Amino acid sequence: MLTNSFVLGAAAAHSGVNWGDIIFQLVMFIILMVLLKIFAWGPLMGIMKQREEHVAGEISAAEQSRVEAKKLLEEQRSLLKEARSEAQVLIESAKKQGDIQREEIIAVARTEADRMKESAKLEIEQQKEKAVAAIREQVASLSVLIASKVIEKELNAADQDKLINEYIQEAGDKR
Amino acid sequence: MHHEAPIVTFLGLQFNLANILMITIATAIVFLLAVLSTRKLAMKPTGMQNFMEWVMDFVKNIINSTMDWKDGGRFHILGITIIMYIFVSNMLGLPFSIVVDGVLWWKSPTADPAVTLTLATLIVGLSHFYGVKMRGAGAYGKEFFKPFWFMFPIKIIEEFANTLTLGLRLYGNIYAGEILLSLLAAGLATGVGGTIAAALPMLVWQGFSLFVGAIQSFIFCMLTMVYLAHKVSSDH
């Protein structure tokens with residue numbers, strides 16, 4: 001009786017095969033599989049897939065924002081660089097312009113000074129000339145006056161004759 | 001130790017009512033376990049959802065170890081259902097068995113060769129079905145003549161041997177475990193001294209049966225995937 005228990009099929013050692021069990025097992029298993037697919041595994045797989053997508057999406061979003069941040073940083077950096085160089089250029093040009101302006105101002109001042117000097121010189125010259133002319137006139141009139149006075153005093157008849165003769169002589173020689 | 005089975009004949013088919021009962025109970029437990037643990041699904045899994053996701057990943061790894069996920073993804077649900085159903089079935093007969101008037105009512109459904117061979121036949125049948133469906137009848141048929149044409153009879157025998165070993169391995173392990181449990185419980189524990197003497201080996205053997213039941217459900221699922229991969233993958 002004990003050994004009989006170990007014999008294969010002892011549990012089914014009645015008469016023939018339990019086809020009913022077999023069919024029942026088959027049907028129950030298939031029903032179980034279908035029901036679980038609908039009620040358990042399907043939703044579970046759905047949520048797992050959803051999570052997978054969520055994680056993948058988050059990762060790609062993080063990646064994207066990282067790239068974007070990097071790009072922005074790069075942009076900011078280049079902008080800063082640009083601004084710095086621009087400021088440098090501005091300072092340079094301002095310096096240059098200042099130099100030019102200084103030169104210009106100096107040149108203008110110099111020419112102005114020259115011109116003023118020239119005009120002053122010119123005026124001095126003119127004044128001098130005018131003064132000279134006035135003196136000359138004065139001298140001429142004075143000399144004439146003196147001459148007339150001298151002549152009035154010195155010229156007598158003899159001298160007058162001599163002078164006239166002299167002139168006549170001279171005029172005759174030249175001919 | 002041999003108990004009678006409650007056999008009835010209905011529509012010309014023999015039904016073992018104990019099997020019917022235990023199959024129904026195992027199915028119900030698996031169904032309730034799965035459905036209750038997936039009622040509140042969340043992106044951040046908690047409690048039983050974690051466990052179920054672990055089972056899914058476990059089966060997914062089994063499939064991935066035998067074939068491409070492209071081919072094997074469709075067997076995912078089959079694999080999870082099989083591993084859970086067989087594990088629950090193996091566990092059912094462990095804590096106790098119920099015998100009413102010499103008729104064994106409560107046992108593991110997998111301690112019956114008819115049940116295990118049904119599952120094995122289902123698996124092998126599915127492997128042939130998917131072999132034809134996914135690779136075409138020509139490629140499927142050619143597999144029987146590879147690497148040499150005279151291997152054909154061996155290949156045919158292999159198919160039946162696969163079915164038999166797949167079913168009988170499970171049956172043998174679980175049935176033997178239950179026989180020993182009932183031997184310890186009924187044969188040894190007859191007096192006070194016997195009960196005390198039987199307690200320790202009972203405990204040890206129940207622990208071992210727990211291990212065997214888990215391992216057998218894993219092996220069954222693994223071999224299912226191996227047989228399926230054998231038929232549906234063109235490179236093996």
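It should be noted that the structure appears before, not after, this text.
Residues numbered from 1 in each chain as written. Chains lettered and ligands numbered in written order. Predicted model: local features only at pLDDT ≥ 70, side-chain atom pairs only at ≥ 80, totals over all residues. Heavy atoms only, no water.

**Describing the pattern of salt bridges**
Alright, step 1. Taken as a whole, this structure holds six salt bridges over all chains when the rule is applied.
Alright, step 2. The partner of A:R51 in a salt bridge is B:E53, and the shortest N-O contact between them spans 2.7 Å. Here A:R51 is found in helix α2 (residues 19–154), whereas its partner B:E53 is found in helix α2 (residues 48–66) on a different chain. Across the pair, B:E53 and A:R51 agree in class, each one buried.
Alright, step 3. Close ionic contact of A:E112 with A:R115 constitutes a salt bridge, the shortest N to O distance being 3.1 Å. Of this pair, A:E112 and A:R115 are both found in helix α2, three residues apart, which corresponds to roughly one turn of the helix. (Salt bridge = Lys/Arg side-chain N within 4 Å of Asp/Glu carboxyl O. Helix = DSSP H or I, 4+ residues; strand = E, 2+ residues; numbered from the N terminus. Buried < 20%, exposed > 50% of the residue type's maximum accessible area, 1.4 Å probe, protein only.)

**Focus: the interface of chain A and chain B**
Alright, step 1. Each partner contributes residues to the interface: chain A has 39 residues there, and chain B has 47 residues.
Alright, step 2. Taken over both partners, the interface formed by chain A and chain B buries close to 4300 Å², and the fraction arising from carbon and sulfur atoms is 75%.
Alright, step 3. The largest share of the area that chain A buries against chain B comes from A:Q25, A:F29 and A:W41, three residues that together contribute 16% of it.
Alright, step 4. At the junction of chain A with chain B, the criterion picks out one salt bridge.
Alright, step 5. One can count three residue pairs in polar contact (both at pLDDT 80 or more) joining chain A with chain B.
Alright, step 6. Those elements that provide at least two residues to the side of chain A that touches chain B are α1 (2–6) and α2 of chain A.
Alright, step 7. Considering every element that reaches the side of chain A that touches chain B, the biggest residue donor is α2(A), with 26 residues.
Alright, step 8. Across the side of chain A that touches chain B, the residue classes break down as 26 nonpolar, ten polar and three charged. (Contact = heavy atoms within 4.5 Å. Buried area = accessible area lost by both parts, 1.4 Å probe. Polar contact = N/O pair within 3.5 Å; in protein donor to acceptor, adjacent residues only side chain to side chain. Nonpolar A, V, L, I, M, F, W, Y, C, P; charged D, E, K, R; others polar.)

**A short note on the pairing of strand β2 (residues 13–16) of chain B**
Alright, step 1. Two elements, strand β1 (residues 7–10) of chain B and β2(B), share four bridges in a ladder whose sense is antiparallel. By the bridge assignment, B:I7 is partnered in β2(B) with B:N16. (Pairing = 2+ DSSP bridges.)

All we've got here are geometric facts, nothing functional implied.
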